[in-house]
Amino acid sequence: MALFDILTKTAQENKQRIVLAEGTEARTLQAADMLIRDNICEVILIGNPDEIKAEALKLGLSNIEKATLVNPKDEAFTEKYAQLFFELRKSKGITIEDARKKVQDPLYLGCLLIKNGDADGQVAGALSPTGNVLRAAFQVIKPKKGISVVSGAFLMLLPQGCPYGENEILVLGDCAVVPNPTAPELAQIAISTAETAKNIAGFDPRVAILSFSTKGSAKHEMVDKVIEATQIAHEMNPELALDGELQADAAIVESVGKTKAPNSPIAGKANVLVFPSLEVGNISYKLIQRISGAQAVGPILQGLAKPVNDLSRGCSPEDIYKTVIITCNQSINSK
């Protein structure tokens, strides 16, 4: 069974409540209609109910009436969430009046629904910059215990017959969020990406933290960072199959791994690749995607206490649909 067939079946059997914060946006509504049609999740749409209904009618969507509609301008509904946000942020100097204004922002209101136990996850970004999506999640939901950095992973669905990765899948991190992680942050990214591989891709992770050096073949402060990150990651999770510093070919090509790192338990067999910087990660996943014809699924935000996922502003309804399925599975695994 293909990966998304498995993820879809899991979502259908364990229905989650997912917020689509940009509820009046056409692609979002089309995705919502598909999600309801396929019994994937309980859909919560944030936006003016009259505008949502009018747009759904214009698009010929018949299932939107089964969604829960949340009006961010309905003060009778939003007051308890304003009080919650005030309690969360009053140490930062926010007033209750500030909180009441903030909950009119669908990105914040959606996260507050999750924080209050009224929803299980959120997907947004079709209209909103990544920074806005992340800021709401950071301020309301916050990272999970033991993690201070939120990062982004990509599932690379490789062409049939590709010998690398696991079941023709590679998991890559971080390709989306942290420009230049410190060694402790890089270690956390490695731990989080391994969890994404296990919980979403469905396999036991073998993690390589990548560098332009393999086991001391080069000396540089950037290599030192990877070496330190590897040590920290081992301390965080001694049972995790993880190694570094490894060059990309030493990580995934068995013959090269045996030559360059003969004592490594990971070399030549890695199915999770962790990049030393966002620049390297972003360039690499796009090259893999374009040159090999692989399908890139993501970014999947990882490290938050509850799942919130970001979309490209050029996304399609199908992209939103798949992101919601991933978000459902993240929520299921977090429980």
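Higher on the page you've got the structure.
The rules we used
Positions within a chain are numbered from 1, following the residues in the order the chain's sequence is written. For this predicted model, a pLDDT threshold of at least 70 governs which residues receive local features, and a threshold of 80 or more governs which side-chain atom pairs are given and counted, while totals over whole chains, interfaces and linings are taken from all residues. Computation of side-chain values covers all heavy atoms of the structure but excludes hydrogens and water. Going along the chain from the N terminus, every DSSP run of H or I of four or more residues is numbered as a helix, and every run of E of two or more is numbered as a strand. Both definitions apply: the radius of gyration is a C-alpha atom measure, and the globule rule equals 2.2 Å times residues to the power 0.38. Residue exposure (1.4 Å probe, protein chains only): buried if accessible area is under 20% of the type maximum, exposed if over 50%, otherwise partly exposed. In this analysis, two residues are considered to be in contact whenever any of their non-hydrogen atoms come within 4.5 Å of each other. Note that accessible areas follow from Shrake-Rupley with a 1.4 Å probe, and for residues the cover is restricted to the protein chains shown. Working definition: a ring pair exists when centres of Phe, Tyr or Trp rings (six-membered ring for Trp) sit within 6.5 Å. Plane angles under 30 degrees give stacked, over 60 give edge-to-face, the rest tilted. Should the NZ of a Lys or the CZ of an Arg lie within 6 Å of a ring centre and within 35 degrees of the ring normal, that charge is described as sitting over the ring. DSSP calls a pair of strands paired once it identifies at least 2 bridges connecting them. Axis geometry follows a simple rule: fit a line to the C-alpha atoms, using only the stretch in contact for helices, then measure angles between N-to-C directions, giving values from 0 to 180 degrees. Among buried residues, those of type Ala, Val, Leu, Ile, Met, Phe, Trp, Tyr and Cys that are joined through side-chain atoms within 4.5 Å constitute a nonpolar core. By convention in these notes, a salt bridge is any Lys or Arg side-chain nitrogen within 4 Å of a carboxyl oxygen on Asp or Glu.

### Some words on the overall build of the protein
Part 1 of the argument: Across its full length, the protein carries 13 helices and 11 strands.
Part 2 of the argument: Here the protein has a C-alpha radius of gyration of 21 Å; the compact-globule value for 335 residues is 20 Å, and the two agree.
Part 3 of the argument: Each of the three principal axes of the protein carries a C-alpha extent, and together these read 65 × 45 × 30 Å.
Part 4 of the argument: Residues classed as buried in the protein amount to 53% of the 335 residues present.
Part 5 of the argument: Taking the contacts inside the protein whose residues are at least 6 apart along the sequence as the reference set, 72% of them involve residues at least 24 apart.
Part 6 of the argument: Roughly 14900 Å² of accessible area belongs to the protein as shown, and the carbon and sulfur atoms make up 49% of that amount.

### Notes on the packing of aromatic side chains
Part 1 of the argument: Counting across every chain of the model gives three aromatic pairs.
Part 2 of the argument: Aromatic side chains F77 and Y81 sit 5.4 Å apart centroid to centroid with 45° between the ring planes, which places their arrangement in the tilted category. Here Y81 and F77 lie together in helix α4 (residues 75-89), a separation of four residues that amounts to about one turn.
Part 3 of the argument: By relative accessible area, Y81 is classed as buried at 2%.
Part 4 of the argument: Arranged with centres 3.9 Å apart and planes meeting at 20°, the rings of F154 and Y285 form a pair that is stacked. Of the two residues, F154 is situated in strand β5 (residues 151-157) and Y285 in helix α12 (residues 278-292); the sequence distance between them amounts to 131 residues. Accessibility assignment for this pair places F154 and Y285 in one class, buried.
Part 5 of the argument: The positively charged end of K102 is found above the aromatic ring belonging to Y108, 4.6 Å away from the centroid.
Part 6 of the argument: Seen from the ring of F4, K322 lies directly overhead, with NZ or CZ sitting 5.2 Å from the centre.

### Re the sheet that holds strand β7 (residues 206-210)
Part 1 of the argument: The strand order across the open sheet built from six strands is β8-β7-β9-β6-β5-β10, with neighbouring strands paired in mixed fashion. Pairing within the sheet leaves two strands with one partner each, and these edge strands are β8 (241-246) and β10 (295-302). Adjacent strand axes in the sheet meet at a mean angle of 20° when their direction is disregarded.
Part 2 of the argument: When strand β6 (residues 169-173) meets strand β9 (residues 272-274), the two strands line up parallel, connected through three bridges. Directly across from G173, in β9, lies its bridge partner V274.
Part 3 of the argument: Across the sheet, helix α8 (residues 183-201) is in contact with β5, β6, β7, β8, β9 and β10; its angle to β6 comes to roughly 150°.

### Some points on the nonpolar core
Part 1 of the argument: Counting residues in hydrophobic clusters, the biggest one holds 64 residues, and the most contacted among them are L20, V43, L45, L155, V171 and V324.
Part 2 of the argument: For this core, the element with the most residues is α8, which contributes 10 residues.
Part 3 of the argument: Beyond its immediate chain neighbours, meaning those up to four positions away, L20 contacts T28, A32, L35, V43, I44, L45, I46, V123, I320 and V324.
Part 4 of the argument: Residues V19, L112, A119 and A124 belong to the second largest nonpolar core, which totals 29 residues.

### Brief notes about the pattern of salt bridges
Part 1 of the argument: Under the criterion given, the structure shown has 15 salt bridges.
Part 2 of the argument: In this structure, the salt-bridge partner of D243 is K215, at a minimum N-O distance of 2.7 Å. In this pair, D243 is assigned in strand β8 and K215 in the loop between β7 and α9 (221-236), connecting sequence segments 28 residues apart.
Part 3 of the argument: One salt-bridge network, held together by shared partners, links R17, D120 and K335.

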